[in-house]
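Structural overview for review
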Amino acid sequence: MKYKTNLRKLTASIAFGAAMLFSSQAMADGHGINLEGKTIEWIIPFSETGGSAKWANFYAPLLSEALPGEPTVVVKFMPGAGSTKGANWFQEQSYDDSNGTLIFGSSGSTQFPYLLGDPRVRYEYNDWNVVLASGTGGVAYLPPDQAAKLDGPDASNLRDTDFIYGSQGATRLDLVPLLAWEMLGLNVEPVFGIKGRGDGRLMFERGEANIDYQTSSSYLKGVVPLVEEGSAVPMMSWGALDADGGIVRDPTFPDMPTFKEVCSATPGCETSGPQWDAWKAFFIAGFPAQKMVFLPAGASKDAIATYTKAFDAIKARGDFAEISAGRLGVYPQMTGQEATAALQLATNVPQSAKDFVTNWLQERYGVSLN
Amino acid sequence: MEIFAVALPALSDAASLIFQPVVLAHLVLGVLMGLCIGVFPGLGGIAGLSLLLPFMFGMDPALGLALMIGMVAVVPTSDTFASVLMGIPGSSASQATVLDGFPLAKKGEAARALSAAFSSSLFGGLVGAAFLTVFILVARPVVLEFRTPELLMITLFGLSMVGILAGRVAIKGLVAAGLGMLIGTIGEGDSAGELRMATYDIPYLVDGFKLVIVGLGIFAIPEIIALLRADRAIADRSPLGGGWLKGVRDWFANLWLSVRCSIIGVIVGVIPGLGGSVVDWIAYGHSVQTSRDKSNFGSGEIRGVIGPESSNNAKEGGGLVPTLLFGIPGSGSMAIFIGAIALLGAGNIEVGPSMLKNNLDITYAIVWLLALANVVGTLICIAASGAIARLTTIPFVLLAPFLLMIISFAAFQSGQSLMDLVALFGIGFLGIMMRRFDWSRPAFLIGFVLSNPAETYANQAVQIAQSRFRKSFEDGIDYIFSPIVIVLIVLTVVSVIIGLRQAKQIMAEGAVKGGQKPAATIFTLAIFSYLILAYVNASLIPDYAAADRIFPCFVAGVSIVGCAILLVQMIRRPMTDAIFADREAVGNDGSVQGLWSTLCWFAALLILTAAIGFILALAVFLILFLRYRAGRSWSFAGIYTLAGIGFMSLLARLLNRDFPPGLLQEFVNLPWPLG
């Protein structure tokens, strides 16, 4: 018995020593914090039922495996005021209180009020430290009888139709499709008050709405079956960003024209000028870096490096492409420099674009943001 | 026939998927967890599934589904405990069960009410599953027939149940429902984002009140206070003859009612967008309307338990249709369910239009796991009901602090701030007053629950109809007056007429004698002033956001007229009239303790929480309450408090929640759960 106990002590001390060695090495390199035995709280400023919840629930178990010391990662929901409540709360958290055990997941709905100067916003993206940026895209689609009027990418024949669109609100992500359709000269009347984009698709399926858009993963799941049975036809994707910041075809939908192509083929729609710049700015803010993970203000370099490494490790998993395709779509999951660049693009909209959109919301929908 | 050729192989695949010992074991485990969570009022499928979510990643699909469905399926079964035993609606699905279940418990027939409820739940669950097996193959086109006008009409049909629950003075019921709807409109409008009775300075109001808080406040708080003041156990007599076997026999004697209500449950459940909020009211209304002897409803009629309980489990089955076939969740818990399915196995099960084509076997496995879970859950509940029913014989003064603790915790789930507790207390006070002056609380709750769907669907239907009329007149008429809409209009009109005629016989909350004139008049005046305020507030919304103005203005306008008539009647009628009903008038309530002294205890908890945070406040409250109000020894109070705090912390840890901090926590860093 005694021998066994000693042996156990010995092996334990060897293991401990080795761990110390490794961790001190890691410290010396400035490459990490040890999170063993800790619980990471991942704040999602929405309810358990939204797209951000799905995204966080997908990453949480993977993150737990990839972080040093395999800490428990729990997703904590803090819904309220369209995510501004949770974001305001996160703004007040200092890194020293949490020491790397607190992260925050933002979404397009957190970005838009920030950009539009919503009076409820008390947070500042520039204070936070981004460690992951997940992109997505979007597709607009039509019923077959309307799609038949399209002349190649030219949408001008759709101008005499009264379109109905189920919308979550003009100041949300729906701003991007609404502005795009208006630029094409389409007469789209948004019906507000739906609770999620899924309800918008249902409205389309019931024949009440005759134009709709979905983000990529919802399009793949919910609309592709409709396209296959012939009750929906894709009109255009919003596109994707290339390295130079230009809009190119969405890699998930290479056969679909982008809005840019449709716009340039449609007389009266300009792919330059203030309207186009505003649309592009808000598209960039809303889609190519839609969901981001942040460490609070004042996070140490070590902590940022640790999380960046962990997300890199997740991306490097052999099965990552397979398990992520169904849930996130085939979009860049950016870390490090890439993520920082994406954050810059998403949160630095030129003042002229902001002014244009604020003005447009006021004139078109009577929405005043002050 | 072609349908069966597709369905039969899938059915046998599903059977081989389910009937493995390990799958069944997971199902039972899920059922047990679901029962434990459902027992607590305010905690339901969302809390339960959130608990399971971390384990779902990469889990074998059959096992994961068994675990989750076991949990979801039994929540509407076990939440009956709270509804019947405490008079607290366990979830939105068992609001109506309270009306007759709780009076039965007070009569000492809790076990009978429970087992009748469980038998009905089981039957409803099975009818739901059987119906779905066939229906799921043809459901898509049927569901697509329910467009916005149809949804609006179903909502109005649900609202028409106010008629039957209005109480003795119909106008009071109408105003109560109107008030409920107005409370439901508080916050950001859905259409244009204008604020109603809220300001950005109080962000809590911008989001509006949550059903959990309003339900607990309007039903639970007044009952807790009333029982506490009466200073006795819930059952005022020892259990007599009301054994669980009697409940099963009661159910069997009302088999046809159970069948009809189950079918109502499935059909309403299938329609996406409404979820469970109306189905139990419609079933309750149906039970009343089809009963020959209506005199017992509201004071302990077993049919009033059987109806809603048959419908609410059947609804879970129906609710799977939009969830699985359209990928559109019918409720919060279904939304998490969809997310969790994506985590299972290799992630190749995709809920939505492709489900029937690619995963018919999984679809059937889900339907039949649901049925099995219902059977297992019901058997456990019936077996336990006799013992659990004894809770009603415990002196309430010992039960009350525990209930209050649970209710506060449930309230925190919605906004996770102190404001939740303030709102609970405020709405609880309104509930106490409504109970005192015999204003229909069920009518208020129906109004609140259906306020948002009524407004949204009305706005959308009008907007879409306008667009159709612009196209052509016939197009518009076709859209508004579809055959389904016409049938629903007829049903609604009939229901209102029958309801108003019968309402006088149904004392949903027992008979209350007339009392003092000034008190009842003051309360009516207070409501009147709120209605005026809400009207003025809504009418200030500018024209471009008219969609957010019309509904509150309309509801407030109708309610103001109703309230004005009421006030005129109050001036003209003698003091003994039913219009002046007041429970505080001597001899009505059997209260031993004063109202205000009891309320002070709760106010103290609230103020303490604001000062030193919830857990510390709770500890102080529990110990003092048990020592001074309940008159127990210090050591008893100490042990009770420790157990209570321990339990609270465990629950919070499991669900991963923090408690609201107070002023103290601003200055001092305290360890969890204190800080």
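Being a predicted model, the structure only gives us computed values, none of them experimental. (Residues numbered from 1 in each chain as written. Chains lettered and ligands numbered in written order. Predicted model: local features only at pLDDT ≥ 70, side-chain atom pairs only at ≥ 80, totals over all residues. Heavy atoms only, no water.)

Bringing the overall build of chain A into the picture now. Broken down by element type, chain A carries 15 helices and 13 strands. What you see for chain A is a C-alpha radius of gyration of 23 Å, in line with the 21 Å of a compact globule of 370 residues. Counting only C-alpha atoms and orienting by the principal axes, one finds that chain A spans roughly 90 × 45 × 35 Å. When each of the 370 residues of chain A is scored for burial, the buried share is 56%. Across chain A, every contact between residues at least 6 apart in sequence was considered, and the portion connecting residues at least 24 apart equals 77%. Per element, the accessible surface of chain A, about 14800 Å² overall, is 53% carbon and sulfur. Both charge centroids of chain A, one from 29 positive and one from 40 negative side chains, sit 10 Å from each other. (Helix = DSSP H or I, 4+ residues; strand = E, 2+ residues; numbered from the N terminus. Rg over C-alpha atoms; globule rule 2.2 N^0.38 Å. Buried < 20%, exposed > 50% of the residue type's maximum accessible area, 1.4 Å probe, protein only. Contact = heavy atoms within 4.5 Å. Areas by Shrake-Rupley, 256 points an atom, 1.4 Å probe, with all protein chains shown as cover. Lys, Arg positive; Asp, Glu negative; His and termini not counted. Charge placed at Lys NZ, Arg CZ, Asp CG, Glu CD.)

Our next topic: the pattern of salt bridges. Residues and elements named next belong to chain A. For the coordinates displayed, the defined rule picks out 22 salt bridges over all chains. The closest approach of N and O atoms between R317 and D319, which form a salt bridge, is 3.0 Å. Looking at R317, the relative accessible area reads 24%, which means it is partly exposed. Classification of D319 by relative accessible area gives partly exposed; the value is 29%. What you see here is one network of salt bridges that share partners, running through E65, R317 and D319. (Salt bridge = Lys/Arg side-chain N within 4 Å of Asp/Glu carboxyl O.)

All names here are of chain A. Strand order in the open sheet formed by three strands is β8-β5-β9, and the pairing between neighbours is antiparallel. Because the sheet does not close on itself, it has two edges, and the strands there are β8 (212-215) and β9 (233-237). Each adjacent strand pair in this sheet contributes to an overall mean axis angle of 35°, direction not counted. As judged from the four bridges shared by strand β5 (residues 138-142) and β8, these two strands associate in the antiparallel manner. Within the sheet, the bridge partner assigned to A140 lies in β8 and is Y213. The strands touched by helix α9 (residues 216-229) within the sheet are β5, β8 and β9, with β8 carrying the most contacts at an inclination of about 130°. (Pairing = 2+ DSSP bridges. Axes fitted to C-alpha atoms, helices over the stretch in contact; angles between N-to-C directions.)

This brings us to helix α29 (residues 634-655) of chain B. Residue and element names in this part refer to chain B. With 22 residues, α29 should reach 32 Å at 1.5 Å per residue; the first-to-last C-alpha distance of 31 Å fits that figure. Burial in α29 covers these residues: A637, G638, Y640, T641, G644, I645, M648, S649, L651, A652 and L655. Just downstream of α29 lies N656, where phi reads positive at about 65°. (Expected span 1.5 Å × (residues − 1).)

Here the focus is the packing of helix α2 (residues 51-66) of chain A against helix α12 (residues 301-316) of chain A. All names here are of chain A. Following both chains from N to C, one finds α2 and α12 inclined at 115°, their axes separated by 9 Å at the closest point. When the interaxial angle is binned, α2 and α12 end up roughly perpendicular. Note on packing geometry: the crossing formed by α2 with α12 is right-handed. Packed against α2, whose contacting residues are Y59, L62, L63 and A66, the element α12 presents Y307, A310, F311, A313 and I314 at the interface. When grouped by side-chain class, the residues that make up the contact of α2 with α12 number nine nonpolar, no polar and no charged. (Parallel < 35°, antiparallel > 145°, perpendicular 65-115°, else oblique. Left-handed = near helix turned anticlockwise from the far one by under 90°. Nonpolar A, V, L, I, M, F, W, Y, C, P; charged D, E, K, R; others polar.)

Here the focus is the interface of chain B and chain A. If you look at the interface, chain B gives 49 residues, while chain A gives 47 residues. Summed over both sides, the interface of chain B with chain A buries roughly 4200 Å², with 51% coming from carbon and sulfur. Taken as a group, F57(B), Q463(B) and N656(B) account for 14% of the area that chain B buries against chain A, more than any other trio of residues on that side. Counting across the chain B and chain A interface gives three salt bridges. Taking the shortest distance from any N to any O, the salt bridge between R140(B) and E205(A) comes out at 2.2 Å. Where chain B packs against chain A, one counts 10 residue pairs in polar contact (both at pLDDT 80 or more). Put simply, the parts of the chain that give the side of chain B that touches chain A at least two residues each are α3 (45-52), α7 (139-144), α8 (148-160), α17 (332-343) and α22 (441-471) of chain B. With eight residues, the single largest contributor to the side of chain B that touches chain A is α22(B). Classifying every residue of the side of chain B that touches chain A by side-chain character gives 22 nonpolar, 16 polar and 11 charged. (Buried area = accessible area lost by both parts, 1.4 Å probe. Polar contact = N/O pair within 3.5 Å; in protein donor to acceptor, adjacent residues only side chain to side chain.)

Another point: the sheet that holds strand β13 (residues 333-334) of chain A. All names here are of chain A. With mixed pairing, six strands are arranged side by side in an open sheet as β2-β1-β3-β12-β4-β13. Each having just a single partner strand, β2 (72-77) and β13 make up the two edges of the open sheet. Along the sheet face, helix α3 (residues 84-91) touches β1 (39-44), β3 (102-106) and β12 (291-295) and points at about 145° away from the line of β3. On the sheet, helix α14 (residues 336-347) packs against β4 (129-134), β12 and β13 and is oriented at approximately 85° with respect to β4.

Let us look at helix α5 (residues 108-116) of chain A. All names here are of chain A. With eight of nine residues buried, α5 lies mostly within the body of the structure. When we look at burial in α5, the residues that qualify are G108, T110, Q111, F112, P113, Y114, L115 and L116. Looking one or two residues beyond α5, the residue adopting positive phi is G117, at roughly 70°.

As enumerated under the stated definition, the model contains one disulfide over all chains in all. The disulfide partner of C263(A) is C269(A), and the S-S distance across this bridge is 1.9 Å. Across the S-S bond of C263(A) and C269(A) the torsion is about -95°, and the bridge reads as left-handed. Each member of the pair, C263(A) as well as C269(A), carries the same accessibility label: buried. With no disulfide partner, C553(B) has as its closest neighbouring cysteine sulfur the one in C563(B), 17 Å distant. (Disulfide = S-S within 2.5 Å.)

Turning our attention to the nonpolar core. Counting residues in each nonpolar core, the largest one holds 205 residues, and the members touching the most others are M68(B), F209(B), F337(B), I366(B) and M648(B). Top contributing element to this core by residue count: helix α4 (residues 61-86) of chain B, with 15 residues. Ranked by size, the runner-up nonpolar core spans 71 residues in total, among them F90(A), L158(A), L175(A) and A281(A). (Core = buried A, V, L, I, M, F, W, Y, C linked by side-chain atoms within 4.5 Å.)

Here chain A averages 86 in pLDDT, while 91% of its residues score no lower than 70. This stretch, residues 1-29 of chain A, has a pLDDT under 50; its non-local contacts, to residues over four places away or in other chains, come to four contacts. (pLDDT = per-residue confidence, 0-100.)

What follows covers the packing of aromatic side chains. Each pair of aromatic rings is reported with the distance of its centres and the angle of its planes. For the structure on display, the rule yields 52 aromatic pairs over all chains. Ring centres of Y114(A) and Y125(A) lie 4.8 Å apart, and the angle between their planes is 75°; on these two criteria the pair is classed as edge-to-face. Of the two residues, Y114(A) is situated in helix α5 and Y125(A) in the loop between α5 and β4; the sequence distance between them amounts to 11 residues. Taken individually, Y114(A) and Y125(A) each receive the classification buried, so the pair is uniform in this respect. An aromatic cluster is present here, built from F90(A), F104(A), Y114(A), Y123(A), Y125(A), W128(A) and F294(A) joined pairwise through their rings. The ring centre of Y628(B) lies 5.8 Å from the NZ or CZ of R627(B), which sits over that ring. Looking at R632(B), its charged tip hangs above the ring of F636(B), at a distance of 5.8 Å from the centre. (Phe/Tyr/Trp six-rings, centres within 6.5 Å; stacked < 30°, edge-to-face > 60°. Lys NZ or Arg CZ within 6 Å of the ring centre and 35° of its normal.)

Our next topic: unusual backbone geometry. You will see that E70(A), though not glycine, has its phi angle at about 40°, which is positive. In this structure, E70(A) sits in the loop between α2 and β2. Using a relative accessible area of 57% as the deciding quantity, one classes E70(A) as exposed. Notably, M197(B) is not glycine yet its phi reads approximately 50°, a positive angle. Residue position: M197(B) is located in the loop between β2 (195-196) and α11 (203-206).

Of note, H286(B) is situated in helix α15 (residues 279-289). Those residues within four positions of H286(B) in sequence are excluded, and the remaining contacts are L257(B), R260(B), C261(B) and I264(B).

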